[in-house]
Amino acid sequence: MVTNVIPKEHVVAFFRQSRRRAMIVALTLPLAFGACGYNSIQSYDEQAAQAKQNIDAQLQRRADLIPNLVNTVKGFAAQEEKVLTEVTQARAGLVGALQKPGGSDPAELANANAQLTGALGRLTVAIEAYPELKSNENFLRLQDELTGTENRIAVSRTDYNNAVRQYNEYIRKFPAVLTAKATGAKSREYFEVTDAAARVAPTVDFSK
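Residues numbered from 1 in each chain as written. Predicted model: local features only at pLDDT ≥ 70, side-chain atom pairs only at ≥ 80, totals over all residues. Heavy atoms only, no water.

Caption draft 1: Layout of the nonpolar core. In terms of nonpolar packing, the biggest core is built from 38 residues, with Leu59, Ile66, Leu69, Val73, Val87, Leu94 and Leu123 touching the most fellow members. Going through the elements one at a time, helix 2 (38-77), helix 3 (81-98), helix 4 (106-126) and helix 6 (137-170) are the ones with two or more residues in this core. When residues in this core are grouped by element, the largest group, 11 residues, is from helix 2. Residue contacts for Val87: discarding those within four places in its chain leaves Ile66, Val70, Leu116, Ala119, Leu120 and Leu123. By size, the runner-up hydrophobic cluster in this structure holds 5 residues, among which are Ile41, Ile171, Ala176 and Ala180. (Core = buried A, V, L, I, M, F, W, Y, C linked by side-chain atoms within 4.5 Å. Buried < 20%, exposed > 50% of the residue type's maximum accessible area, 1.4 Å probe, protein only. Helix = DSSP H or I, 4+ residues; strand = E, 2+ residues; numbered from the N terminus. Contact = heavy atoms within 4.5 Å.)

Caption draft 2: Expanded view of the packing of helix 3 against helix 4. Where helix 3 contacts helix 4, the two axes come as close as 8 Å, and the packing angle between them is 160°. Overall, the two elements helix 3 and helix 4 adopt an arrangement that is roughly antiparallel. At the point where helix 3 passes helix 4, the crossing takes the left-handed sense. Between helix 3 and helix 4, the residues in contact are Val83, Leu84, Glu86, Val87, Ala90, Arg91, Gly93, Leu94, Ala97 and Leu98 and Glu108, Leu109, Ala112, Asn113, Gln115, Leu116, Ala119, Leu120, Arg122, Leu123 and Ala126, respectively. In terms of residue class, the contact of helix 3 with helix 4 is made up of 14 nonpolar, 3 polar and 4 charged. (Axes fitted to C-alpha atoms, helices over the stretch in contact; angles between N-to-C directions. Parallel < 35°, antiparallel > 145°, perpendicular 65-115°, else oblique. Left-handed = near helix turned anticlockwise from the far one by under 90°. Nonpolar A, V, L, I, M, F, W, Y, C, P; charged D, E, K, R; others polar.)

Caption draft 3: Just the packing of helix 2 against helix 6, in detail. Across the interface, helix 2 lies against helix 6 with an axial gap of 8 Å and an inter-helix angle of 160°. Between helix 2 and helix 6, the crossing angle belongs to the class labelled roughly antiparallel. Crossing angle aside, the handedness with which helix 2 passes helix 6 is left-handed. Each residue belonging to the contact of helix 2 with helix 6 can be placed in one class, and the counts come to 19 nonpolar, 10 polar and 10 charged.

Below is the structure:
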């Protein structure tokens, strides 16, 4: 019987070549990912995701302030039941959009936030007839907190939309568009009002 014995030096050479190939792959793989835009897609997507979380946090803060506002107004203007109900319902709509299973939708959030802004605007008109309420310490504090939160929402909205624009534009460019299709990367939605009725809602201004 003849037994084929592979020379030791051939075995050593084989493993050396295999190790060399593995090292080449390890070194070139990151370059390949960078060249095809994979790393940039992940980076831009993460930036947009972080900006979206900031919007959610500010909207949640706004929603959390509403029950206290409604209770304070009731103490001076309980007869304004209709507008107070509108504010409460709009607040519920925003909370529902924030807690949507599977994650909140930017356009839905924008519409819900605009609806709340409109309801608060109508509340502002209604409380003009109650000077004692307008000078109440708790109400004044809520004014400041709501105004500050709305300003932070505006900043977060701008940051998010800028991040989304950068991401969306990048995944449409070559060669990143090929990588996006291969990995299932999809365009992100902007935070903007799509409901025409909500778009014309009055802006709340407690300072008047």
